Amino acid sequence: MQRDEVYVVDMWRIFIREWVWFLAGLLVVLVATFAFSHAARPQWEATAYIQIGQVGGIPPGQDPKVEPLARVLERLQLVPFQNQVLASLHIPEDATEARLYRKSVKLEPLPYAGPLVKFSVRGWSPEQARQFAEATVAQLKTLHQKLLATPLTLAQARLGEVQSDLANAENQRKQLTQQATPGGAHGTAQDAGVASVLLAATDTQIRDLRQVRGDLSIRLSPNYTYDTSLMWPVYVPKGPAFPNLALIWGIGALFGLTLGAFAAIVRNAMRRTRVTTVTFNQTHA
């Protein structure tokens with residue numbers, strides 16, 4: 001314990017004796033940090049939550065999503081897809097904005113929240129970062145609408161068929177109701193009995209068709225059938241994401257203190273070595 005206290009005292013004496021070198025090392029790093037923080041071009045980051053489109057009126061047991069979550073993540077990282085996004089913004093593929101877009105794309109899957117995709121991208125300004133995020137979602141929506149077109153058309157056609165069958169069944173029930181009346185103008189008592197049996201079967205058919213129509217209508221409602229879109233508006237913080245001044249100055253101060261301490265220790269070691277060499281030569285003489 002005492003040796004540690006002596007070591008701390010010795011280190012303090014070294015810093016006092018070599019304060020110029022300690023301060024020089026600290027100042028060098030602080031000046032470099034200041035130059036970097038003012039020379040670095042600011043970048044803003046936009047964050048968007050993407051909801052994957054789906055069609056609810058599909059056969060049971062099939063995934064209603066237009067694409068699985070993993071495939072959407074891969075698509076967002078494809079260079080051809082990113083080039084399409086840049087083309088929609090009239091940005092050349094070799095521009096600095098294009099390189100920043102490709103380099104800064106970050107994806108985070110949220111499988112238990114929809115599923116959703118947390119999408120982040122950076123731009124040279126808050127407006128550009130927002131444009132990148134919105135254009136990406138718009139391009140993905142366009143592609144997904146093409147994939148959703150066929151299953152949506154089939155589901156709507158199925159709903160139309162059910163409504164047509166239901167209308168025919170209801171008309172048939174009106175006719176059978178008249179025929180099932182005993183002594184009516186439409187036939188004998190035997191015909192009325194047959195009509196009653198057919199009427200019961202028609203009522204069952206109507207009840208089933210109404211249930212199917214209701215189920216399909218609910219599945220094709222906006223709660224279960226929707227396009228790929230933004231879950232919430234794109235969020236861009238007021239301050240830039242890079243450079244992070246607090247982090248840069250914190251690291252710079254820490255590195256400056258380390259470099260200053262190292263410079264002071266090295267200078268002290270060189271001084272002691274020179275003194276020891278001179279003393280040794282005088283004693284030898």
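Predicted, not measured: the structure shown is a model, and the values here were computed from it. (Residues numbered from 1 in each chain as written. Predicted model: local features only at pLDDT ≥ 70, side-chain atom pairs only at ≥ 80, totals over all residues. Heavy atoms only, no water.)

Trainee: Quick question: what am I supposed to make of the packing of helix 3 (residues 69-77) against helix 4 (residues 79-88) here?
Mentor: Two numbers describe how helix 3 lies on helix 4: the axes approach to 5 Å, and their chain directions differ by 65°. Residue-level inspection shows R75, L76 and Q77 of helix 3 in contact with helix 4, the latter providing V79, F81 and Q82. Tallied by class, residues from the contact of helix 3 with helix 4 come to 3 nonpolar, 2 polar and 1 charged. (Axes fitted to C-alpha atoms, helices over the stretch in contact; angles between N-to-C directions. Helix = DSSP H or I, 4+ residues; strand = E, 2+ residues; numbered from the N terminus. Contact = heavy atoms within 4.5 Å. Nonpolar A, V, L, I, M, F, W, Y, C, P; charged D, E, K, R; others polar.)

Trainee: Mind showing me how you'd approach the sheet that holds strand 2 (residues 106-110) here?
Mentor: The strands making up a sheet associate through backbone hydrogen bonding, with each pair oriented either parallel or antiparallel. With antiparallel pairing, 4 strands are arranged side by side in an open sheet as 2-3-1-4. The sheet is open, and its two borders are formed by strand 2 and strand 4 (229-230), each paired with just one other strand. Of the pairings in the sheet, the one linking strand 2 to strand 3 (residues 116-123) comprises 5 bridges and is antiparallel in character. Residue E108 lies in a different strand from strand 3, and its bridge partner there is K118. (Pairing = 2+ DSSP bridges.)

Trainee: Got a minute to help me understand a nonpolar patch on the surface in this structure?
Mentor: A cluster of nonpolar side chains, namely W19, V20, W21, L23 and L27, defines an oily patch on the protein surface of about 510 Å² accessible area. The residue L23 is located in helix 2 (residues 19-39) in this model. (Patch = residues over 30% accessible without salt bridge, like charges linked within 9 Å, V, L, I, M, F, W, Y side chains within 5 Å. Areas by Shrake-Rupley, 256 points an atom, 1.4 Å probe, with all protein chains shown as cover. Salt bridge = Lys/Arg side-chain N within 4 Å of Asp/Glu carboxyl O.)

Trainee: When you look at the environment of L216 in this model, what are you seeing that I'm missing?
Mentor: If you trace the backbone, L216 turns up in helix 7 (residues 189-219). For L216, the contacting residues outside a window of four places in its chain are R158, L159 and V162.

Trainee: Honestly, the packing of helix 4 against helix 5 (residues 96-104) in this entry has me stumped. Any pointers?
Mentor: A pair of packed helices can be characterised by two numbers: the angle between their axes and the separation between those axes. One can describe the packing of helix 4 onto helix 5 by two numbers: an axis separation of 11 Å at closest approach and a directional angle of 135°. Of the possible angle classes, the one that applies to helix 4 and helix 5 is oblique. Here helix 4 runs over helix 5; the crossing is right-handed. Side by side, helix 4 and helix 5 meet where V79, Q82, N83, V85 and L86 of the first sit next to A98, Y101 and R102 of the second. (Parallel < 35°, antiparallel > 145°, perpendicular 65-115°, else oblique. Left-handed = near helix turned anticlockwise from the far one by under 90°.)

Trainee: Just to check I follow, could you spell out the layout of surface pockets for this structure?
Mentor: Regions of empty space are outlined by a rolling probe, equal in size to a water molecule, passed over the atoms. Its boundaries defined by the atoms lining it, the largest pocket holds a volume of some 160 Å³. Taken together, 14 residues form the lining of the largest pocket, with V55, I58, Q62, D63 and P151 sitting closest to its centre. For the lining of the largest pocket, the class distribution of residues is 10 nonpolar, 2 polar and 2 charged. (1 Å grid on protein atoms, 1.4 Å probe; cavity = no way out; pocket = protein on both sides within 12 Å on 5 of 7 lines; lining within 4 Å. Points joined across faces, edges and corners; volume = space filled by probe spheres on them.)

Trainee: Mind showing me how you'd approach the packing of aromatic side chains here?
Mentor: Where two aromatic rings form a pair, the distance of their centres and the angle of their planes describe that pair. Using the criterion set out here, one finds 2 aromatic pairs in the structure. Between Y49 and W232 the ring centres are 5.4 Å apart and the planes differ by 80°, which places this aromatic pair in the edge-to-face class. Here Y49, found in strand 1 (residues 44-51), pairs with W232, found in the loop between strand 4 and helix 8 (245-284); they are 183 residues apart in sequence, far enough to count as distant. Directly above the aromatic system of W124 lies the positively charged group of R41, at a separation of 4.1 Å from the ring centroid. (Phe/Tyr/Trp six-rings, centres within 6.5 Å; stacked < 30°, edge-to-face > 60°. Lys NZ or Arg CZ within 6 Å of the ring centre and 35° of its normal.)

Trainee: Mind showing me how you'd approach helix 3 here?
Mentor: Residues spaced three or four apart along an α-helix face the same direction, because each turn holds 3.6 residues. Among all positions in helix 3, only L69, V72, L73 and L76 are buried. Down the axis of helix 3, the buried side of the element spans an arc of 100°, and every buried residue falls inside it. Seen from the open side of helix 3, the exposed residues pointing more than 90 degrees away from its buried face are A70 and E74. (Buried < 20%, exposed > 50% of the residue type's maximum accessible area, 1.4 Å probe, protein only. Arc of directions from axis to C-beta.)

Trainee: Help me understand the pattern of salt bridges in this model?
Mentor: Where charged atoms from two side chains of opposite charge approach closely, those side chains can pair. This model, assessed by the stated rule, comprises 7 salt bridges. The closest approach of N and O atoms between E67 and R75, which form a salt bridge, is 2.5 Å. On the accessibility criterion, E67 (2% relative accessible area) is buried. Bridged by salt links that share partners, the residues E45, K106 and R122 form one connected network.

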